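Given next are the chains, with one letter for each unit.
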Amino acid sequence: MKNNFYKNMMLWMVIALMMVIMFNFFNSTQGIRKKISYSEFVDNVQADKVKVVIIKQNHISGEYLDGTQFETYYPPDDELIKILREHKVQIYAKPPDQNPWYVQVLISWLPMIILIAIWIFFMRQMQGAGGKAFTFGKSRAKLLTQDQQRVTFNDVAGVEEAKEELQEIIEFLKDPHKFQRLGGKIPKGVLLVGPPGTGKTLLAKAVAGEAGVPFFSISGSDFVEMFVGVGAARVRDLFEQGKKNAPCIIFIDEIDAVGRHRGAGLGGGHDEREQTLNQLLVEMDGFESNEGVILIAATNRPDVLDPALLRPGRFDRQVVVPRPDVKGRLEILRVHTKKVPLGDDVKLEIIAKGTPGFAGADLANLVNEAALIAARKNKEKVEMDDFEEAKDKITMGKERKSMTISEEEKKVTAYHEAGHAIVAKFTPGSDPVHKVSIIPRGMALGVTQQLPQDDKHMYSKEYLEGTISVLMGGRAAEEIVYNRYTTGAGNDIERATEIARKMVCIWGMSEKLGPLALGKKDEAIFLGKEIATHRDFSEKTAIMIDEEIKSIVMNNYKRALQILKDNIEVLHETANLLLEKETIEGKEIDEIIKRVKGESEEEVQTV
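Residues numbered from 1 in each chain as written. Predicted model: local features only at pLDDT ≥ 70, side-chain atom pairs only at ≥ 80, totals over all residues. Heavy atoms only, no water.

J.: I'm lost on the overall build of the protein in this one. Help?
T.: On a plain count of helices and strands, the protein comes out with 21 helices and 16 strands. Looking at the 607 residues of the protein, the share that counts as buried comes to 41%. Taking contacts inside the protein between residues at least 6 apart in sequence as the whole, the part at least 24 apart equals 73%. Within the structure as shown, the protein displays about 34,600 Å² of accessible surface, and the carbon and sulfur contribution to it stands at 54%. (Helix = DSSP H or I, 4+ residues; strand = E, 2+ residues; numbered from the N terminus. Buried < 20%, exposed > 50% of the residue type's maximum accessible area, 1.4 Å probe, protein only. Contact = heavy atoms within 4.5 Å. Areas by Shrake-Rupley, 256 points an atom, 1.4 Å probe, with all protein chains shown as cover.)

Below, the structure is given as structure tokens:
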């Protein structure tokens, strides 16, 4: 390393010396003037040898007829101008310099100063980072040491199965002979797959904290630069560092940035990303073995990764990191509330049950929002109503208290949301109504929130049809009460139509069309989104699909109309209560139903 440093330093010194010589040479040859005495100058003028004269203060320069340039000192001589004019010499006069002498020197030497400054900058870069100015192909991986703050498996909750699989990797690194005595080989790669926010990066950090081995961390986007070949060079350098520190772990976050399907992007085989991926494939399982180097990668788009990257021998294991269930959410909440002072009324079990679909990052954000709300209210502890307000803010949006709504619009909104709630109450198998509000939140004028009693992993046809009925409940209430339609049901209709389309074309829930998947999706790998759906069916089938979608939506719309007509008094009382309180809970609607119909909640749900 020292030899390279001195070689580079000598090279730059030679280059700088050559620049100085060239600069002085061009400055000196810009105009070579012959210095003569004043008397010789006057004799030459009188001999008609002078063509041009330039007078500037006490200095005279000029040019002879043969092109030779000269210069001389100009003493005060009142007769000189007369002599020059008599012999028809061109006379130029220049004003004295306005800038001081040191400014003139600076201007003349400015290019040289800039070159010297650039040279000093490069030298400092080379001294400070071992030649950093020439390390485009060096890996940007960060090495986590034992001195840094460690994350352990105690800080990770809700993903027990993933922790178990990674725990085996850690044991292999600590005691490889335990597995090798039976012929087992250390896995070369582990791919963490799961939705955003489920804790994939946190798991990798926990592996680093538990293993006690060198841990290199890098992002997929750090490989690719504007320079061709840099990505592949950085992959080589990364694995070279890994071999020197083996056994070790290399973690690549968001590997889909460089691991996408080859041949799918612009540039063909010469695409920079593809060159980087090819080098990564070779390093993971090529002719040279990387014993003791385990690669852990994380992505939420495994569908776009190249098949060669996913085969055994490269990523031997795919560890799924799913969204947590009720038990997992409770454990995650306990981790994130360790340093948060909680009030006596806070029940983490209720919060976990009321946050279905929340990932680990969502729950961390929920706890943080609740703490901020409590701090704004100058509370000493975070209470249950702070968590409820934080959950409403995250799921439904912040209250738009400054928005002015007319009484007529407010009344229509109240009946619209009451329609959703009443249809949900009288639809068998529907999710329980948690809260109904006509306070504007986000882009909506009102919200009806349903919370499932249990986490659902699959949905029946009856449940989906009930969901469509609930979505159409707002539109049905407007038709019954006002006999007119508003734009407030636009999003409900869009969601209902989308569910019906999936029931017919994807889930095979149509009696006429049967269990068929209709419409082939066309996805662009590098766009990562579905850009079109090809019609792989006939025109006749397309007409049947449209008819089935319309039939499903209209039948459930009629069901919502019938439910509201049969419970019109409940609808009016619920709407009036909403106008009075603006926000009501599901149990308040149950009390109205019990008072009007004389039925309990259990009887209502089994109608």
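J.: What am I meant to see in the side chain of Thr276 here?
T.: On the secondary structure map, Thr276 appears in helix H9 (residues 272–284). A residue is classified by how much of its surface remains accessible, and Thr276, at 1% relative accessible area, is buried. Excluding residues within four positions of it along the chain, Thr276 makes contact with Phe223, Gly231, Ala232, Val235 and Val258.

J.: Looking at this structure, how should I read the packing of aromatic side chains?
T.: The geometry of two aromatic rings is summed up by the distance between their centres and the angle between their planes. Using the criterion set out here, one finds six aromatic pairs in the structure. Members of the aromatic cluster, each reached through a chain of ring pairs, are Tyr38, Phe41, Tyr64 and Phe70. Arg475 extends its terminal NZ or CZ atom over the ring of Tyr485, reaching a point 3.9 Å from the ring centre. (Phe/Tyr/Trp six-rings, centres within 6.5 Å; stacked < 30°, edge-to-face > 60°. Lys NZ or Arg CZ within 6 Å of the ring centre and 35° of its normal.)

J.: Just to check I follow, could you spell out the environment of Val470 for this structure?
T.: Its location among the elements puts Val470 in helix H16 (residues 461–482). Classification of Val470 as buried rests on a relative accessible area of 7%. Expressed as a C-alpha distance, the spacing of Val470 and Asp431, which sit 39 residues apart in the sequence, is 9.9 Å. If sequence neighbours within four positions are ignored, Val470 has contacts with His420, Val423, Ala424, Ser430 and Gln450.

J.: Even after reading the chapter, I still don't get the nonpolar core, so can you show me in this structure?
T.: The nonpolar side chains of a soluble globular protein tend to be buried with one another. Membership of the largest hydrophobic core comes to 48 residues, with the highest contact counts inside it found for Ile468 and Ile589. For this core, the secondary-structure elements that each account for two or more residues are helix H15 (407–425), strand E12 (433–437), H16, helix H17 (490–505), helix H18 (539–566), helix H19 (568–581) and helix H20 (586–597). In contact with Ile589, other than residues within four places in its own chain, are Ala421, Ile422, Lys425, Val433, Val436, Thr574 and Ile584. In this structure, Ala162, Leu166, Leu192 and Ile249 belong to the second largest nonpolar core, which totals 28 residues. (Core = buried A, V, L, I, M, F, W, Y, C linked by side-chain atoms within 4.5 Å.)

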